[in-house]
Every structure is written in structure tokens, then in C-alpha cells.
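Close look at the chain arrangement
So you can see what is in the structure, the chains are spelled out below.
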Amino acid sequence: MTPDGPLADVYAGTLDCVHCGLCLSSCPTYRETGRETSSPRGRIYLMRGVAEGRIPLGAVEEEAWLCLGCRACETACPSGVRFGSLLEKTRASVPRRGWAGHLEAFALRRVVPHRRRLRLLVGALAAVQRLGLDALGARLLPRLRESQRLLPPIPPRAQRAPLPPRIPAEGARRGCVALLEGCVMPELFGPVNAATARVLTRNGFDVVVPEGQGCCGALQAHAGDASLAAGLAERNLRAFAAARVDAVVVNSAGCGAALREYGDWLGAPGAELAGRVRDVCEFLDEVGLAAPPGRLEARVCYDDPCHLLHGQGVGEAPRRLLAAIPGLELVPHDDAAACCGAAGTYNLTQPEMSRAVLARKLASLAAAAPDVIASGNPGCLMQLRAGALGAGLRARVAHPVELLDEAGVAGRERP
Amino acid sequence: MAAHLDALHASLRRAVGDSACLTRPEELFVYEADGLTLNAAKPLAVVLPRETAEVAAVVRACREAGVCFVPRGAGTGLSGGAVAAEGGVVIECSRMDRILALEPGDRYAVVQPGVVNAELSRAAAPHGLFYAPDPSSQAACTIGGNVGENSGGPHTLKYGTTTDHVLGLELVLPDGEVVRLGGPAGFASGYDLVGAVVGSEGTLGVVTEVTVRLTPLPDAVETLLGVFPEVVSACRAVGGIIRSGLVPAALEIVDRRTIEAVEASVYAAGLPTDAGAVLLVELDGVAEAVAGQAERVRELCREAGASRVDVARDAEERQRFWRARKGAFGAMGRLAPDLYVHDAVVPRTKLPEILEAVCAICDRHGLRLSNVFHAGDGNLHPNISFDRRDPDELARVVKAGEEILRTCVEAGGVISGEHGIGTEKRDYMGMLFDDADLDAMLRLRAAFDPDRVCNPGKIFPATRFCMEANPRARGYDRVPFE
Ligand SMILES: Cc1cc2nc3c(=O)[nH]c(=O)nc-3n(C[C@H](O)[C@H](O)[C@H](O)COP(=O)(O)OP(=O)(O)OC[C@H]3O[C@@H](n4cnc5c(N)ncnc54)[C@H](O)[C@@H]3O)c2cc1C
Ligand code: SF4
Ligand code: SF4
């Protein structure tokens with residue numbers, strides 16, 4: 001039987017699932033609900049059921065969007081089911097409806113991919129925050145509450161300036177890397193980009209920031225818009241193809257995971273770029289730090305971004321780097337490998353489940369009582385920051401490269 | 001019928017609340033199967049209780065509506081046990097996932113049935129304890145399901161199966177009554193009803209609380225990996241080790257096809273893909289004793305033809321080996337869309353010849369066989385990869401399965417080591433038990449569930465169903481159940 005109805009394109013992928021159930025306990029929505037329906041195995045069963053014409057297409061709609069897309073099930077699955085890709089294709093067949101769907105589609109098509117529009121929007125939001133209008137708005141319009149809670153204080157304009165196109169290595173030159181700036185990163189996390197560049201140059205790498213690069217397409221792909229995502233990927237392909245570098249370094253886990261899929265999106269040239277992609281921690285761990293870092297007295301909980309651990313298989317590298325910082329105590333916490341509930345735009349579209357998933361993590365973090373929570377993805381940073389604040393945790397939330405940067409500075413100041 | 005169904009749904013909602021009662025067609029659709037995707041059947045509703053009282057209320061609602069019910073854990077069972085074979089209500093215990101007490105001093109824990117097996121060991125570890133039965137599915141399967149199937153695992157060889165570790169139970173009987181059987185101190189006098197419920201596959205009531213024994217973590221552990229040219233020589237090594245009087249914690253054989261699948265998966269552990277088979281031997285106990293035993297095992301493996309014997313360098317590598325072993329079933333999904341996991345026990349001394357016979361059966365039917373099994377217990381898992389969409393292949397799989405079981409029984413074995421009978425093997429019970437045996441079991445069942453409402457359609461051969469339905473009826477007519 002080769003089905004030709006809806007979801008025909010996921011059919012072959014669903015056949016990889018032998019229904020063993022080993023993925024169940026790794027799935028945050030299953031842990032939360034206990035429902036087979038909301039488990040990876042259940043969702044695959046629904047997809048296959050649709051493809052085989054046993055149930056109508058509408059039967060997968062709710063679960064397609066209740067799924068976080070965290071891909072923890074892929075890390076657990078011995079059978080190699082490529083759940084993330086099945087999910088994206090399924091979502092394309094059951095687009096999100098209602099105001100949330102329209103707003104998201106508008107943002108992902110018309111704002112996020114356009115650097116200037118995004119800058120304008122973020123500039124406006126910064127003004128709103130300065131004037132305290134966000135709090136006011138949230139009080140008047142409960143629907144805005146979630147977004148207001150999540151949005152971090154927007155850095156001052158000076159920290160939102162793009163990085164220079166080329167930053168030379170300091171000390172003995174060890175190589176040259178290209179940096180993906182990202183779309184949201186420079187606007188909301190400019191200091192993280194700057195820290196990334198500093199850590200790389202201090203470790204002997206020229207950093208080039210190719211012009212013409214932009215949004216990686218991850219959010220669009222997760223929302224089921226494969227063609228828009230592929231268009232954005234092509235733009236990056238052109239921007240990075242020319243750069244003669246040892247690696248394309250990415251400091252946002254979500255973007256890194258997407259870039260690594262460019263082969264699937266764009267064929268051989270995409271695969272070539274994908275092969276050169278490294279998460280910043282992975283890269284630094286691979287090449288080794290040029291000099292031992294300086295002291296940083298802090299209890300740190302590292303929290304795995306799903307798209308780093310499950311999407312790129314990188315879990316040990318950031319921990320090794322952090323543990324190498326003298327004075328820094330890396331404290332394990334039980335729920336580190338589970339999704340924080342940010343999941344792209346999930347925290348806005350599925351606030352209830354997002355909060356439930358986050359609550360588990362916060363409880364586990366509270367038990368570990370760290371000074372710093374470190375995680376390498378903008379969405380997670382926002383979610384964890386808002387969560388820690390709301391739960392009364394006193395921990396600061398930072399990207400691991402920020403800690404490396406601070407320790408590096410401390411190292412330099414050593415006599 | 002529709003009106004009845006609405007009334008049933010309404011009373012279930014009253015029992016557990018709206019959000020804990022699933023009735024939409026797509027929700028019922030995903031509950032049509034467990035780890036075994038054949039024999040699928042949709043339930044009338046699924047409920048997700050959190051407390052014993054809710055379970056009792058659900059059972060009473062089912063009784064009033066005249067429908068049967070089926071307890072379910074994680075649905076990793078491989079014999080169709082958690083499937084509503086005759087319709088009815090699935091009582092999904094996944095939300096009953098609290099560890100109610102953990103007493104390191106007295107070495108026991110009290111848990112709700114939905115606690116995941118591995119979570120219990122994780123919670124006990126800080127106290128230097130663990131929960132010994134370790135099914136390969138332990139990352140997902142529940143204690144309630146383990147009780148249902150009397151599950152074992154690689155370490156059953158030394159530590160025993162679930163029944164050796166359950167001290168007490170709370171059970172909602174099929175009439176909605178709640179009883180407590182046994183307790184932390186074990187059972188003292190009277191009938192050992194705990195023993196009767198463990199392994200009863202959810203046919204005697206719904207387990208709502210389990211008191212389990214916790215075992216001290218061993219002082220030292222050594223895991224050896226013997227590399228063999230083919231499965232038969234690995235089996236010989238198992239025979240040698242057992243004869244020598246050693247009692248390893250685990251003795252597991254993984255054959256070549258399985259190694260290849262696992263090494264292609266996320267659970268790759270660096271097992272040699274050019275080996276015919278590997279034998280995993282785990283020794284635990286006091287450090288000096290373990291070291292001596294490891295030496296002896298090495299010799300015995302070499303004598304049996306091992307080309308080399310590796311040792312897990314540290315705890316991390318040991319865990320990698322075990323994750324590979326335990327991910328083996330799932331990894332087989334790489335070979336074909338479906339996997340039929342067989343489960344039979346044979347006398348250990350006959351392992352080599354039985355394995356050869358099993359291979360011959362699969363060859364004759366043109367089926368892809370792989371073997372990964374608890375060799376120390378003689379517990380075989382011949383796994384057949386297939387595609388359920390191909391009716392001819394499916395028929396051959398079923399045929400071969402029956403022949404495999406018959407071969408094992410003729411060699412003095414049994415038709416299930418740990419996966420239970422469920423719907424899958426109920427028609428083979430006659431290979432092992434005669435009428436008198438089956439009647440004795442049915443009478444026990446009838447004492448708990450006289451009206452046959454608790455997980456019907458499991459364990460007992462279809463031809464005995466009318467007798468099962470009315471145990472007072474004599475005459476034992478072999479009338480197939482409609
Ligand atoms: C990859 C894989 C590896 C496996 N490895 C092993 C192994 O090494 N050893 C082994 O023994 N098994 C193994 N199994 C089989 C299976 O995991 C076990 O049978 C397990 O105990 C089932 O647990 P579950 O929670 O999934 O129960 P389910 O499959 O949901 O239910 C199993 C049975 O128990 C009954 N039941 C469930 N909960 C209750 C309750 N609260 N009260 C009363 N009855 C209840 C059900 O009605 C059913 O009959 C494996 C399965 C898979 C998929
Ligand atoms: S992607 Fe995450 S939420 Fe979705 S099924 Fe997999 S584990 Fe569950
Ligand atoms: S672990 Fe993989 S094969 Fe097993 S049920 Fe989950 S997705 Fe399917």
C-alpha cells in the first residue's frame with residue numbers, strides 16, 4: 001500500500017516506529033498528561049493512521065500543535081525515527097488556525113526574516129518597555145500577559161548594533177570561523193553575540209560575519225512552512241558559501257539544528273554547509289581553549305537546549321567547558337535534558353502546557369539552588385529567565401559563552 | 001447503543017473528571033494497541049485516574065453499565081495484555097505515578113502502579129538501594145505493568161523476577177471493593193494472594209498500590225563482553241559458566257543482526273559488528289570475589305571459543321553496554337516496520353540445538369530472524385522482522401511463531417518467560433496445560449472475577465471462553481466464543 005492522501009509524505013517515516021514505547025517517558029507532554037495520544041508513539045500512530053486513511057486528517061491537528069517539537073523522543077528512539085521532520089511535514093498539512101495562527105504566520109513571514117523590520121519592531125518594544133506601557137497593556141489585555149512576561153529587558157541600542165564584518169584573532173592565530181548572527185539574537189541578545197566573538201578571537205580565531213546572512217528558517221520550518229524556510233536557507237547558503245572558514249559557528253541551538261538540516265532542505269550544497277556547522281561550545285571543546293580560563297566563583301546549573309542535545313547531539317561539550325572554569329561548580333539537576341517549554345513560539349501559542357512543562361524544570365532547578373542557570377539558546381534564555389523570576393529563584397540566566405567570556409576576562413587580569 | 005455509550009461516558013466523567021476521560025475517536029484509536037500491534041482493538045473509553053478511590057469509582061461505573069475494563073500501564077507489553085480485546089474501558093494508570101513511601105532502613109518502597117520502573121531505582125539510588133527487576137523496557141514500563149506480567153530482565157538470573165520483589169498490593173476487585181494483600185513485612189499466614197495477582201495480567205483486579213522490596217546496590221560490578229564467532233559457541237560459554245557454579249548477575253547473548261541494528265542507532269556502544277555474537281556477563285558482589293570470578297569467566301569464554309573478552313572500563317561504559325542491550329528490540333525497527341518479539345524458555349543445556357532449530361524454521365518460512373536473549377535463564381527472544389501490511393508474510397510469521405513455541409515446549413520449555421500470554425498466546429496454552437490445569441486457573445480467576453469483566457479475552461484459549469464466562473457450567477464444551 002502506498003497512500004496518496006494527506007500525509008503521504010510522512011508515511012515511510014512512520015514505518016520506522018515499531019511501537020516499542022521506549023520514547024514515552026522522555027516526552028514532556030506525555031509526562032504531563034499520561035495520555036498515549038500525547039506521546040511520540042501515539043502521535044506517530046495518528047500520522048500513520050491518517051496516511052493509511054483509517055482516520056481523518058483532522059485527527060492529528062490538535063496533537064501536531066500540542067507537541068513541543070523538542071525531539072527528546074529522537075534521543076530515546078532506538079529505531080531512528082526522525083520525529084522532528086515528521087512533525088514539520090504533518091504541521092504543513094494542518095496549519096494553525098485562529099488569531100494565533102495568523103499572527104504567527106505574519107510574524108514569521110513578514111517580520112522575522114527582515115532585519116530592518118525586526119529592528120523597528122524591537123526598537124518600538126524597547127520604547128514601550130521604557131515607558132512602562134507593556135505592564136499597562138498586559139493589565140488591560142490579559143492576552144498580552146504571556147508575551148510581556150517572556151520578553152526580556154531589551155538591551156540599549158548600542159548593544160543592538162550588528163557585529164563588524166571581520167574581527168581579527170588575538171594572540172597566536174589558530175584559524176578562521178564564520179559566525180551566524182541570527183535574527184533575534186542581535187536584537188535581544190546582542191551581548192551574547194559580542195561575547196561569542198570575544199571568546200572566539202581570544203582563543204585565536206578570526207571571526208567573519210558574512211554579509212547577506214539572515215534568519216535561519218528554523219521557526220518557519222517548525223511551523224510547517226517548508227518553502228519559506230528553504231528560501232531563507234538559500235539566502236544563508238549564498239552568504240556563507242563564499243566564506244573560506246574552518247567552521248560556521250552558531251550560538252543559538254535552534255538555528256544550529258536548522259542549519260544542520262540544510263542538506264534535507266537544499267540538497268548537496270546545503271549538506272556541505274551543514275557539515276561545517278558547529279555550535280559554539282562544541283567548537284571550543286573540539287579545538288580546546290587556548291589558555292585556561294580565569295576564576296569565576298559560582299554554582300552553575302547547565303540546562304540543555306533541546307535543539308542542542310536532541311537536535312545536534314551536543315550535551316557534554318558545554319558541561320566540559322564550564323567545568324574547566326576554576327571556581328565554577330557545575331551542579332547537576334534532574335530535569336536538565338527536558339524541554340523548558342519555550343519551543344519557538346510554543347510558549348505563546350500553548351501557554352498552559354508550556355507553563356506545566358516549565359514548572360517541572362523550575363522545581364528541579366530550585367532544588368539545585370544555583371547562582372547561574374546556563375543555556376545556549378535565545379528562546380530557552382527568555383523562558384528560563386521569566387520562569388526563574390516568576391518562581392522567585394535568585395539565579396541569573398546566562399549563555400555559557402557569557403560565562404566563558406567573563407572567565408576569560410578574569411584570566412587576562414591575572415598577573 | 002449510542003445512548004448507553006453516552007451514559008457510560010457521563011458516569012466515567014463523574015468518576016474521574018472531564019480531563020481524565022478520553023472518548024474522542026482519535027483518542028480511542030491510539031489506544032487500540034500496546035507493544036504488540038497485531039490484535040488491535042479499540043476501547044469504548046479511556047480513563048486516567050490519580051487515586052485508588054477514582055479507580056474504584058470507574059470500576060463501579062463499568063459494572064453499572066455492564067461493560068468490561070482493562071488496566072493499562074505504559075502499554076509496552078508484548079502480548080496484547082493492555083488492549084481492550086473485547087471492548088470496554090481502558091484504565092490507564094500513567095497518572096498514578098507517585099512514590100508514596102521509601103523506607104531505606106526497612107528496604108521497601110510503596111508506589112502507585114504508574115511509577116516508571118527506572119524512576120523507582122533512580123529514587124532509591126541515593127540510599128544505596130535499587131529495584132532489582134530490570135526489564136529492557138524499564139525506561140518506560142510501569143511497576144503496575146511489571147506486576148501484571150511478572151516481568152523479568154537481564155538481572156533476573158541472580159535477583160529473580162517481579163514476584164520475588166513484591167511484598168504487598170492494594171487491589172480494586174472487579175466489584176469495586178478495595179483490598180490489601182501482604183505488606184512491607186511480606187505475607188505471614190493464609191493464602192499468598194500477592195503471588196496469585198503477580199503475573200495475572202490484569203485479570204484479577206486493578207492494582208492501585210504496590211509495596212516492593214528494595215535491594216542494596218552491590219559493592220562492586222564487573223561487566224565482561226565475550227566476542228564469539230557464532231551464537232552457538234556463545235551458548236556453550238553460558239553452559240560452561242553455569243556449570244562452574246558461578247552465579248553472574250546477568251548473562252545475555254546478542255547476535256550479529258541485532259548488533260548491527262543497535263550499532264546503527266542512538267544506543268551504539270561500540271559492540272563489534274563483525275562478531276557472530278557477543279555474550280554480556282555481569283558479575284557483582286564483594287570486590288575481591290568479583291575480580292576472581294571475572295578471571296574465571298574469561299577462561300570459560302575462551303574455552304568455548306571466544307576470540308576476545310573485553311571489560312567495561314568504567315561505570316559509563318557499562319551503562320553504554322546495557323543501554324545497547326536494552327535498546328536492541330527497538331533498534332530492530334530499522335530492519336522492517338514491524339517486529340514480532342517471541343518469548344520462550346528452554347532448558348539452558350538445550351540452547352544451542354534449539355537456536356539452530358529456530359533458525360531453520362525461520363529460514364524455511366523465508367523470515368528475517370535476530371536473537372537477543374536472557375541466555376542465563378534459557379529465556380529466548382527470537383525476533384522476527386516483518387511488515388504487517390503484507391498478509392502473506394504475516395501469515396508466515398504467525399506460523400513460524402507457533403512452530404518455534406512447539407519446538408521449545410517439546411524440548412521441555414514453556415511458552416512465555418516474561419512477556420505474558422495476553423491475546424497473543426492464549427490459543428497456545430493447550431500446548432502446556434491440560435484441561436485440569438486450565439480449570440484450576442479458571443476457578444481462581446472466577447473467585448476474583450466471577451462475571452469475567454476484568455480484562456477478558458486474555459490468557460485462556462478462545463475455545464474455553466464459554467467455560468470462562470460461566471465457570472459453574474460443567475461439561476467443558478469447546479464452543480468458540482463469538
Ligand atoms: C523494548 C521492549 C523491551 C522489553 N523487555 C522486557 C524484558 O526485558 N522483560 C520483560 O519481562 N518484559 C519486557 N518487555 C515487555 C513489557 O515491557 C513488560 O511486560 C512490562 O512489564 C509492561 O509494562 P507496562 O507498564 O508497559 O504495562 P502494559 O503493557 O500497559 O500492561 C501489561 C499487563 O499488565 C496489566 N496491568 C497494567 N497495569 C496494571 C494495574 N495497575 N493493575 C493490574 N494490571 C495491570 C495490563 O492489563 C496488561 O495485562 C519489553 C517490551 C519492550 C517494548
Ligand atoms: S518532540 Fe518532544 S513533545 Fe513532541 S513527541 Fe517528541 S518528545 Fe514529545
Ligand atoms: S522509541 Fe521509536 S520506535 Fe519506539 S515507540 Fe518511540 S518512536 Fe516508535
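Things to note about the site of ligand 1
Neighbouring ligand 1 are 35 residues, the closest being Pro71, Thr76, Ser137, Thr142 and Ser151 of chain B. At the site occupied by ligand 1, the surrounding residues belong to chains A and B. With respect to ligand 1, the backbone of alanine 74 of chain B contributes an N or O atom lying 2.9 Å from an oxygen atom. Taking serine 137 of chain B, its side chain carries an N or O atom lying 2.5 Å from an oxygen atom of ligand 1. With the chains in place, 99% of the 980 Å² that ligand 1 exposes on its own is no longer accessible. Residue assignment for the shell around ligand 1 shows that the elements contributing at least two residues are β3 (69-72), α5 (143-149) and β10 (206-213) of chain B. Among the elements that make up the shell around ligand 1, the one with the highest residue count is α5 of chain B (five residues). Considered class by class, the residues forming the shell around ligand 1 number 12 nonpolar, 19 polar and four charged.

Focus on the sheet that holds strand β5 (residues 277-279) of chain A
All names here are of chain A. Here five strands make up an open sheet; going across it, the order is β1-β3-β2-β4-β5 and the pairing mixed. What marks the edges here is a single partner per strand, and that holds for β1 (166-167) and β5. The sheet contact formed by strand β2 (residues 175-180) and strand β3 (residues 205-208) spans four bridges and is parallel. Each bridged residue has a counterpart across the sheet, and for cysteine 176 the counterpart in β3 is aspartate 206. Here helix α12 (residues 190-202) sits on the sheet and contacts β1, β2, β3 and β4 (247-250); the angle it forms with β3, its principal contact strand, is near 145 degrees. In the packing of helix α17 (residues 268-276) onto the sheet, the strands contacted are β4 and β5, and the crossing angle to β5 comes to about 35 degrees.

Observations concerning the packing of aromatic side chains
Between two aromatic rings, the relevant description is the distance of the centres plus the angle of the planes. This model, assessed by the stated rule, comprises four aromatic pairs over all chains. Here tyrosine 45 of chain A and phenylalanine 29 of chain B contribute two aromatic rings whose centre-to-centre distance is 5.2 Å and whose plane-to-plane angle is 40 degrees, an arrangement assigned as tilted. You can see tyrosine 45 of chain A sitting in helix α3 (residues 40-51) and its partner phenylalanine 29 of chain B sitting in helix α2 (residues 25-30), one on each of two chains. On the basis of an interplanar angle of 85 degrees and a centroid distance of 5.6 Å, the ring pair of phenylalanine 130 of chain B and tyrosine 159 of chain B is categorised as edge-to-face. Pair noted here: phenylalanine 130 of chain B is in strand β7 (residues 129-130) and tyrosine 159 of chain B is in helix α6 (residues 156-159), with a separation of 29 residues, a long-range link. Judged by its relative accessible area of 14%, phenylalanine 130 of chain B falls in the buried class. Residue tyrosine 159 of chain B is classed as buried on the basis of its relative accessible area, which comes to 17%.

Quick notes on the rules
Residues numbered from 1 in each chain as written. Chains lettered and ligands numbered in written order. Predicted model: local features only at pLDDT ≥ 70, side-chain atom pairs only at ≥ 80, totals over all residues. Heavy atoms only, no water. Near = heavy atom within 4 Å. Polar contact = N/O pair within 3.5 Å; in protein donor to acceptor, adjacent residues only side chain to side chain. Areas by Shrake-Rupley, 256 points an atom, 1.4 Å probe, with all protein chains shown as cover. Helix = DSSP H or I, 4+ residues; strand = E, 2+ residues; numbered from the N terminus. Nonpolar A, V, L, I, M, F, W, Y, C, P; charged D, E, K, R; others polar. Pairing = 2+ DSSP bridges. Contact = heavy atoms within 4.5 Å. Axes fitted to C-alpha atoms, helices over the stretch in contact; angles between N-to-C directions. Phe/Tyr/Trp six-rings, centres within 6.5 Å; stacked < 30°, edge-to-face > 60°. Buried < 20%, exposed > 50% of the residue type's maximum accessible area, 1.4 Å probe, protein only.

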